[in-house]
Amino acid sequence: IKVSKNNVLEITKQNETKKGGYVYLIRAIYPENVKATFSTKDGKAKVELDFEISQEIDYIEADKNVNKFIILGENKILNENLIKFFPETTTEREIKYELKENYQGISLIDNQIIFDDPNNPEILLNGQAQTKIYLTAKHIKFNENLSQEEKDKLFVDDIEFDVLYS
């Protein structure tokens, strides 16, 4: 038995079949894509199995160690590094960001902050220039049918960005 990556699968021979084959117990150890190759004793025949091991998300929170800012006039792509995922090994990392307030001068489309007028960039709220903006983040599994406890695990409020002038 050959496995393409170490420490991802645990393969244990359970018993021999009546036809001289073997029954194996395969247990996932770590979320990863991996290939296992099983060969006959003489090496003349083999079968390859692909495993896609996933780990569900438990909860998310804002990553306080990430410096969050937007430069006035420069569009910004928001990615998953703004969020800490638990467990850290989860494979479910899709986040949707939203503006917390009805800011004028910017839009958030497909997780990208876009300035409405790049030649005259501004971020206003109720007519006042802003030095900070706030976003929310929802895990893609967030939905209104979840209990409040489950919603709280998949939602981050008040992600603060400093607005910098270039």
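Shown above is the structure to which this text applies.
Structural notes, computed from the coordinates.

Criteria and thresholds
Residues numbered from 1 in each chain as written. Predicted model: local features only at pLDDT ≥ 70, side-chain atom pairs only at ≥ 80, totals over all residues. Heavy atoms only, no water. Helix = DSSP H or I, 4+ residues; strand = E, 2+ residues; numbered from the N terminus. Rg over C-alpha atoms; globule rule 2.2 N^0.38 Å. Buried < 20%, exposed > 50% of the residue type's maximum accessible area, 1.4 Å probe, protein only. Contact = heavy atoms within 4.5 Å. Lys, Arg positive; Asp, Glu negative; His and termini not counted. Charge placed at Lys NZ, Arg CZ, Asp CG, Glu CD. Patch = residues over 30% accessible without salt bridge, like charges linked within 9 Å, V, L, I, M, F, W, Y side chains within 5 Å. Areas by Shrake-Rupley, 256 points an atom, 1.4 Å probe, with all protein chains shown as cover. Salt bridge = Lys/Arg side-chain N within 4 Å of Asp/Glu carboxyl O. Pairing = 2+ DSSP bridges. Phe/Tyr/Trp six-rings, centres within 6.5 Å; stacked < 30°, edge-to-face > 60°. Core = buried A, V, L, I, M, F, W, Y, C linked by side-chain atoms within 4.5 Å.

1. A word on the overall build of the chain
And step 1. Scanning the chain from terminus to terminus reveals one helix and 16 strands.
And step 2. Taking 15 Å as the expected radius of gyration for a compact globule of 166 residues, we find that the chain reaches 24 Å, considerably beyond that expectation.
And step 3. The principal-axis extents of the C-alpha atoms in the chain amount to approximately 80 × 35 × 25 Å.
And step 4. Taken across its 166 residues, the chain has 28% of its residues classed as buried.
And step 5. Sequence separation of 24 or more characterises 52% of the internal contacts of the chain that already satisfy a separation of 6 or more.
And step 6. Here the chain contributes 22 positively and 30 negatively charged side chains, and the mean placements of these two sets differ by 12 Å.

2. Quick notes on a nonpolar patch on the surface
And step 1. On the surface, Ile-26, Val-47 and Leu-49 cluster together into a nonpolar patch covering about 210 Å² of accessible area.
And step 2. In this structure, Leu-49 sits in strand 5 (residues 46-52).
And step 3. Owing to a relative accessible area of 35%, Leu-49 belongs among the partly exposed residues under this scheme.

3. Topic: the sheet that holds strand 12 (residues 112-115)
And step 1. Spatially, three strands are ordered 8-12-11 in an open sheet, and the strand pairing comes out antiparallel. Looking at the sheet topology across the chains shown, the edges are occupied by strand 8 (76-77) and strand 11 (106-109).
And step 2. Summarising the sheet, strand 11 and strand 12 pair through four bridges and their orientation is antiparallel. Looking at the pairing, Ile-106 lines up with Phe-115 of strand 12.

4. Some remarks on the packing of aromatic side chains
And step 1. Tallying each qualifying case throughout the model produces four aromatic pairs.
And step 2. Relative to Phe-38, the ring of Tyr-24 lies with its centre 5.3 Å away and its plane at 55°, an arrangement referred to as tilted. Here Tyr-24 is found in strand 3 (residues 22-28), whereas its partner Phe-38 is found in strand 4 (residues 33-39), with 14 residues between them in sequence.
And step 3. Judged by relative accessible area, which is 28%, Tyr-24 ranks as partly exposed.
And step 4. Residue classification places Phe-38 among the buried residues on the basis of a relative accessible area of 13%.
And step 5. Geometrically, the ring pair formed by Tyr-59 and Phe-86 is stacked, given 4.5 Å between the ring centres and 10° between the ring planes. Here Tyr-59 is found in strand 6 (residues 59-62), whereas its partner Phe-86 is found in strand 9 (residues 83-86), with 27 residues between them in sequence.
And step 6. Assessed through its relative accessible area of 30%, Tyr-59 is described here as partly exposed.
And step 7. Assessed through its relative accessible area of 19%, Phe-86 is described here as buried.

5. Things to note about the nonpolar core
And step 1. Counting 28 residues, the largest nonpolar core has Leu-78, Ile-83, Tyr-97, Ile-113, Ile-123, Ile-133 and Ile-159 as the members making the most contacts within it.
And step 2. Apart from the residues within four sequence positions on either side, Ile-83 is in contact with Ile-60, Glu-61, Ala-62, Asp-63, Ile-95, Tyr-97, Ala-137, Val-156 and Ile-159.
And step 3. Among the nonpolar cores identified, the runner-up in size contains six residues, and Val-8, Leu-9, Val-34 and Phe-38 belong to it.

6. A word on the pairing of strand 16 (residues 155-164)
Consecutive residues of a regular strand have side chains that alternate between opposite faces of the sheet.
And step 1. Across three bridges, the pairing between strand 7 (residues 69-71) and strand 16 is parallel. Residue pairing for strand 16: Ile-70 is matched across the bridge by Val-163.
And step 2. As paired strands, strand 15 (residues 132-139) and strand 16 are joined by six bridges and run antiparallel to one another. Residue pairing for strand 16: Tyr-134 is matched across the bridge by Glu-160.

7. Observations concerning the sheet that holds strand 4
And step 1. Spatially, the three strands line up as an open sheet ordered 1-4-5, and their pairing is antiparallel. Two strands bound the open sheet, and with one partner strand each, they are strand 1 (2-3) and strand 5.
And step 2. Bridge count for strand 1 against strand 4 is two bridges, and the pairing is antiparallel. Within strand 4, the residue paired with Lys-2 across the bridge is Thr-37.

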